Amino acid sequence: MVDQQARTGGDKRPTEIPAIRWEEPPEGPVLVLLDQTRLPAEEVELVCTDAAALVEAIRSLAVRGAPLLGIAGAYGVALAAARGFDVAEAARALEEARPTAVNLSVGVRRARAAHQAELARTGDPTAAAVAALASARALHQEDAEASARMAAHGLALLDELLSGGGHRILTHCNTGSLVSGGEGTAFAVALAAHRAGRLRRLWVDETRPLLQGARLTAYEAARSGMAYTLLTDNAAGSLFAAGEVDAVLIGADRIAADGSVANKVGSYPLAVLARYHHVPFIVVAPLTTVDPGTPDGASIEIEQRPGFEVTEVAAPQVAGAGGGIPMAPLGTQAYNPAFDVTPPELVTAIVTEEGVVSPVTAEALAELCARAPVGAPQASS
């Protein structure tokens, strides 16, 4: 069950509401989410009292972004356990909510494993629920720490690849604190450059079809006081041609064993543009996004989203099938993949909390994963 709470402020200052948090009111534990579909116009929280509500929030993109999906999945298992629901059933539903982002299944399986282990050890459902919650909280904290380490590694890489500072960085989709337990992935690197006085301009792709760059990345950039400019996705080529882009920074939803990167649709064309214009194309993602069980890009399942996300402009206040304003004739069919795949040969480097892989090869990626501490990537089925 989901309840909605609106937060408003007369001064219109950017929100400090966390993207996700666990609370324990007298009526029972809940998972509270900042509804990202309502940003930047409204800061509305969703209160999930069961895993089914969280599944719907994931599918609707109220909560989104690979690292945060992993955290949400783990908390969803803990919520089911704490409220006495069927944990196995909840785990299955959560894993199936979105197919491309591997972090979701990693988080779900980690919390479920903790629950099962404690239940087998003690036979006490309450103790097992506590173990699942501890696992989710640990993953949440680890992701925050990973974010800080990725930012440091990424900034060092930028300084190595680009001379003179004053970096002009192009980013795609949204990769900041709205998708992370910390300050994000690719956005965290740009933010580190900003704080160090080395960010000249953040170019923000609006990111079709849901405008996550325009709605969310611009929102976070403004909150952080960064110099940023919004552009339509198909204007990126003219920026490259004019020599206005020094590096591309994106996140990832799944990285295959060979280094192929699935990210928000539109990432692959940026990689092609970057290669043609000799601009570094850098992927920033935690090791939980690396999936050794997916051999290559062709093996990544690409989520297909509803057509109304293309044929309508999102407007939550407008009633209708998609809750948006129609922009195409009634009955128009739309091709709407949520992600595309960039092959490793177009990726300059993959930045993780454990270090940088460059050039990107299956061997280098496997070596980095092998050095990672316990709890880093696991193969998905």
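The structure reproduced in this document is the subject of the present report. (Residues numbered from 1 in each chain as written. Predicted model: local features only at pLDDT ≥ 70, side-chain atom pairs only at ≥ 80, totals over all residues. Heavy atoms only, no water.)

**Side note on the overall build of the protein**
As a reminder, the rule being used: Secondary structure elements follow DSSP: runs of H or I of four or more residues count as helices, runs of E of two or more count as strands, with numbering from the N terminus. The globule rule used here is 2.2 Å times the number of residues to the 0.38 power, and the radius of gyration it is set against is calculated over C-alpha atoms. Burial here depends on accessible area, computed with a 1.4 Å probe over protein chains only, as a share of the maximum for the residue type. Under 20% is buried, over 50% is exposed, and the range in between is partly exposed.
Looking only at helices and strands, one finds 11 helices and 17 strands in the protein. Computed over C-alpha atoms, the radius of gyration of the protein comes to 20 Å, within 12% of the 21 Å expected from 2.2 N^0.38 for 381 residues, which places it in the range of a compact globule. In terms of overall dimensions, the protein has C-alpha extents of about 65 × 50 × 45 Å along its principal axes. Relative to its full complement of 381 residues, the protein shows a buried share of 55%.

**A look at the sheet that holds strand β7 (residues 228-231)**
Put simply, the test is: Here, any two strands with at least 2 DSSP bridges between them count as paired. All axes here are fitted lines through C-alpha atoms, helices being fitted over the stretch that makes contact, and every angle between N-to-C directions spans 0 to 180 degrees. Working rule for contacts: check all heavy atoms of both residues, and any pair within 4.5 Å makes them a contact.
Taken in spatial order, the seven strands line up as β7-β6-β5-β8-β11-β16-β17 in an open sheet, and their pairing is mixed. Because the sheet does not close on itself, it has two edges, and the strands there are β7 and β17 (355-357). Across the sheet, the axes of successive neighbouring strands diverge by a mean angle of 25°, strand direction being ignored. Here three bridges tie strand β8 (residues 247-250) to strand β11 (residues 281-284), and the two strands are oriented parallel to one another. Its bridge partner lying in β11, Val 248 is registered against Phe 281. Taken strand by strand, helix α5 (residues 125-161) contacts β5 (167-171), β8, β11, β16 (349-352) and β17, and its axis lies near 145° from that of β16. Strands β5, β6 (199-205), β8 and β11 of the sheet are contacted by helix α6 (residues 186-195), whose axis makes an angle of about 155° with β6.

**A closer look at the packing of helix α2 (residues 66-82) against α5**
Note the following rule: Angles are sorted into four bins: roughly parallel if under 35 degrees, roughly antiparallel if over 145, roughly perpendicular if 65 to 115, and oblique for all others. By definition, turning the near helix anticlockwise from the far helix through less than a right angle yields a left-handed crossing, and turning it clockwise yields a right-handed one.
Two elements in contact, α2 and α5, have axes separated by 8 Å at closest approach and are oriented at 165°. Relative to α5, the element α2 is oriented roughly antiparallel. Here α2 runs over α5; the crossing is left-handed. Touching Pro 67, Gly 70, Ile 71, Ala 74, Tyr 75, Ala 78, Ala 81 and Ala 82 of α2 are Ala 129, Ala 132, Leu 133, Ala 136, Arg 137, Leu 139, His 140 and Asp 143, all from α5.

**Quick notes on a nonpolar patch on the surface**
We apply this condition: Patch criteria: residues need more than 30% relative accessible area and no salt bridge. Like-charged residues are merged within 9 Å; nonpolar side chains of Val, Leu, Ile, Met, Phe, Trp and Tyr are merged within 5 Å. The method behind every accessible area is Shrake-Rupley, applied with a 1.4 Å probe, and residues are considered shielded solely by the protein chains displayed. Whenever Lys or Arg places a side-chain nitrogen within 4 Å of a carboxyl oxygen from Asp or Glu, that contact is recorded as a salt bridge.
A grouping of Val 313, Ile 325 and Met 327 is seen on the molecular surface, where their side chains present a nonpolar patch of about 270 Å² in accessible area. Residue Ile 325 is classed as partly exposed on the basis of its relative accessible area of 42%.

**Let's talk about the nonpolar core**
To keep it simple, the criterion reads: Note on terminology: a nonpolar core comprises buried Ala, Val, Leu, Ile, Met, Phe, Trp, Tyr and Cys residues joined through side-chain atoms within 4.5 Å.
Residues Leu 31, Leu 33 and Leu 54 are the most contacted members of the largest nonpolar core, which totals 40 residues. Contributing elements (two or more residues each) for this core: β2 (20-23), β3 (30-34), β4 (43-48), α1 (51-59), α2, α3 (87-95), α4 (102-122) and α5. The leading source of residues in this core is α2, at 11 residues. Apart from residues no more than four positions distant in its own chain, Leu 54 is found in contact with Leu 31, Leu 33, Cys 48, Val 63, Ala 72, Gly 76 and Leu 94. With 30 residues, the next largest nonpolar core counts Leu 170, Leu 231, Val 248 and Val 347 among its residues.

**Here we look at α2**
Rules: To estimate the expected span of a helix, count its residues, drop one, and scale the result by 1.5 Å.
Over its 17 residues, α2 runs 24 Å from end to end, which matches the ideal 24 Å to within 8%, given 1.5 Å per residue. In the stretch just after α2, Gly 84 is the one whose phi turns positive, near 80°.

**Quick notes on the pairing of β3**
Within β3, five of the five residues are buried, leaving the element largely enclosed by the surrounding structure. Of the strand pairs in this sheet, β2 and β3 are connected by four bridges, and their pairing is antiparallel. Bridging from a neighbouring strand, Arg 21 pairs with Val 32 of β3. Here β2 folds back onto β3 in antiparallel fashion, the turn holding six residues, of which Gly 28 has a positive phi close to 130°. Alignment of β3 against β4, held across four bridges, turns out to be antiparallel. Counted as the bridge partner of Leu 31 is Cys 48 from β4.

**A closer look at the packing of α2 against α3**
Just so we agree on the cut-off: Here the nonpolar group is Ala, Val, Leu, Ile, Met, Phe, Trp, Tyr, Cys and Pro; Asp, Glu, Lys and Arg are the charged ones; every other residue, Gly included, is treated as polar.
Between α2 and α3, the least distance of the axes is 9 Å, while the angle of their chain directions is 155°. When the interaxial angle is binned, α2 and α3 end up roughly antiparallel. Note that α2 runs across α3; the crossing there is right-handed. From α2, Gly 73, Gly 76, Val 77, Ala 80 and Ala 81 reach across to α3, where they touch Val 87, Ala 90, Ala 91 and Leu 94. Partitioned by chemical class, the residues of the contact of α2 with α3 number seven nonpolar, two polar and no charged.

**As for the pairing of β6**
In the case of a regular strand, side chains alternate between the two sheet surfaces. In plain terms, the rule: Think of it like this: strands point away, you trace from the first strand over the helix to the second, and a clockwise trace means the crossover is right-handed.
Burial of β6 is extensive: five of the seven residues sit out of reach of the surface. Both β5 and β6 contribute to a ladder of five bridges, which runs parallel. Counterpart to His 167 in the pairing with β6 is Leu 199. The parallel pair β5 and β6, bridged by α6, forms a crossover whose chirality is right-handed. Sheet analysis places β6 next to β7, joined by four bridges and oriented parallel. Bridge pairing in β7 places Asp 205 opposite Leu 231. Handedness of the crossover joining β6 and β7 through helix α7 (residues 212-223) is recorded here as right-handed.

**What to know about the sheet that holds strand β12 (residues 290-291)**
With mixed pairing, four strands are arranged side by side in an open sheet as β12-β9-β10-β15. Both outer strands of the open sheet, β12 and β15 (339-342), are each paired with one neighbouring strand and no more. Relative to the sheet, helix α9 (residues 267-276) contacts β10 (261-264) and β15, its axis offset from that of β15 by approximately 35°.

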